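Now for the letters of each chain:
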Amino acid sequence: MGAGMEDKIIKQISLFAENKPGRLANVANKLKSAGINIRAFTIAESGDFGIIRMVVDRSDYAHKILHDAGFTVSETNVMGIEMNDVPGSMSRIAEVFGKVKINIDYAYAFVTKDQKALLIVRVNDIEKAIKTLEEEGIRLISMKELENI
């Protein structure tokens, strides 16, 4: 990875879990007991199983807690793209990526206390995406900033 790009990467926790009542509560309770704050999450369902993807304030610790609790868990590199919370912000990001042939694998978003929208996105070429967004003047947030949101 290019110099200075590491601080533009956010570590996302991905968790493979049975699709049944109580599984999300179990995950959330493990994180709560460890004092870990979930910043954003999404669930992708696939029949009997699902993938819970989340951004938390302490990803390495969350990974350990969930792994030690017996969950199948991994970390994935994603980006946090700051946007104004107004119509057209998502369109701009999609157009920038489309122009340089970067594919969005998945994305989810939330609004921060500062009335900014934060888009969590996984793309097929993260280095190219970071470089392109910076050239376009689009702000990426760091893991440290995410911890303080």
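Rules and cut-offs
Residues numbered from 1 in each chain as written. Predicted model: local features only at pLDDT ≥ 70, side-chain atom pairs only at ≥ 80, totals over all residues. Heavy atoms only, no water. UniProt positions renumbered as here; feature names shortened; annotations may be inferred. Helix = DSSP H or I, 4+ residues; strand = E, 2+ residues; numbered from the N terminus. Core = buried A, V, L, I, M, F, W, Y, C linked by side-chain atoms within 4.5 Å. Buried < 20%, exposed > 50% of the residue type's maximum accessible area, 1.4 Å probe, protein only. Contact = heavy atoms within 4.5 Å. Phe/Tyr/Trp six-rings, centres within 6.5 Å; stacked < 30°, edge-to-face > 60°. Lys NZ or Arg CZ within 6 Å of the ring centre and 35° of its normal. Axes fitted to C-alpha atoms, helices over the stretch in contact; angles between N-to-C directions. Parallel < 35°, antiparallel > 145°, perpendicular 65-115°, else oblique. Left-handed = near helix turned anticlockwise from the far one by under 90°. Nonpolar A, V, L, I, M, F, W, Y, C, P; charged D, E, K, R; others polar. Domains from an automatic or database assignment. Buried area = accessible area lost by both parts, 1.4 Å probe. Salt bridge = Lys/Arg side-chain N within 4 Å of Asp/Glu carboxyl O. Polar contact = N/O pair within 3.5 Å; in protein donor to acceptor, adjacent residues only side chain to side chain. Patch = residues over 30% accessible without salt bridge, like charges linked within 9 Å, V, L, I, M, F, W, Y side chains within 5 Å. Areas by Shrake-Rupley, 256 points an atom, 1.4 Å probe, with all protein chains shown as cover. Lys, Arg positive; Asp, Glu negative; His and termini not counted. Charge placed at Lys NZ, Arg CZ, Asp CG, Glu CD.

The name given to the chain in an unreviewed UniProt entry is Acetolactate synthase small subunit, with Methanosarcina barkeri MS as the source organism.

(A) Seen up close, the UniProt feature "domain: ACT" (unreviewed entry) in the chain. The feature "domain: ACT" (unreviewed entry), as annotated in UniProt, sits at residues 78-149 in this numbering. Within residues 78-149, the helical portion is 36% and the strand portion 35%, while the C-alpha atoms at the span's ends are 17 Å from each other.

(B) Local environment of the nonpolar core. Within the largest apolar cluster, 19 residues are counted, with the highest numbers of intra-cluster contacts made by Met 79, Ile 81, Ile 93, Phe 97, Val 123 and Leu 133. For this core, the elements supplying multiple residues, two or more each, are β4 (72-84), α3 (89-99), β6 (116-123) and α4 (126-135). In this view, Phe 97 contacts Met 79, Ile 81, Ile 102, Ile 104, Val 121, Val 123, Ala 129 and Leu 133; residues no more than four positions away in its chain are not counted. Formed by 14 residues, the second largest nonpolar core is a distinct cluster that contains Val 27, Ala 34, Ile 52 and Phe 71.

(C) Up close: unusual backbone geometry. For Lys 101, which is not glycine, the phi torsion reads 65 degrees and is therefore positive. Mapped onto the elements of the fold, Lys 101 is located in the loop between α3 and β5 (104-111).

(D) Up close: the packing of aromatic side chains. Within this structure, the stated rule accounts for 1 aromatic pair. The ring of Tyr 106 carries the charged tip of Arg 53 above its face, separated from the ring centre by 3.9 Å.

(E) Broad picture of the packing of helix α1 (residues 23-33) against helix α2 (residues 59-68). Contact geometry for α1 and α2: axes closest at 10 Å, N-to-C directions at 125 degrees. By the angle between their axes, α1 is oblique relative to α2. Judged by the sense of rotation from one axis to the other, the crossing of α1 with α2 is right-handed. Every residue of α2 that contacts α1 at Val 27, Lys 30 and Leu 31 is listed here: Ala 62, Ile 65 and Leu 66. Class assignment for the residues of the contact of α1 with α2 results in 5 nonpolar, no polar and 1 charged.

(F) Spatial organisation of the domain arrangement of the chain. We note that the domain assignment places domain 1 (9-76) and domain 2 (78-147) within the chain. Inter-centroid distance (C-alpha atoms) of domain 1 to domain 2 is 22 Å. At the junction of the two partners, domain 1 supplies 15 residues and domain 2 supplies 15 residues. Around 1,300 Å² of area is buried between domain 1 and domain 2 when both sides are counted, 65% of it from carbon and sulfur atoms. On the domain 1 side of the interface with domain 2, the three residues burying the most area are Ile 9, Ile 10 and Arg 39, jointly 44% of the side's total. In this assembly, domain 1 and domain 2 are joined by 0 salt bridges. Linking domain 1 with domain 2 are 5 residue pairs in polar contact (both at pLDDT 80 or more). Those elements that place two or more of their residues in the side of domain 1 that touches domain 2 are β1 (10-18), β2 (38-46) and β3 (49-56). Each residue belonging to the side of domain 1 that touches domain 2 can be placed in one class, and the counts come to 7 nonpolar, 4 polar and 4 charged.

(G) Just a negative patch on the surface, in detail. A cluster of like negative charges, contributed by Glu 6, Asp 7, Asp 125 and Glu 127, occupies part of the molecular surface. When you line up the elements, Glu 127 lands in helix α4. What makes Glu 127 partly exposed here is its relative accessible area of 32%.

(H) Summary view of a nonpolar patch on the surface. Among the surface-exposed residues, Leu 24, Ile 38, Phe 41 and Ile 43 lie close enough to one another that they form a single nonpolar patch of about 330 Å² accessible area. Of the residues forming the nonpolar patch, the biggest block, 3 residues, is contributed by β2. Along the chain, the position of Ile 38 falls in strand β2.

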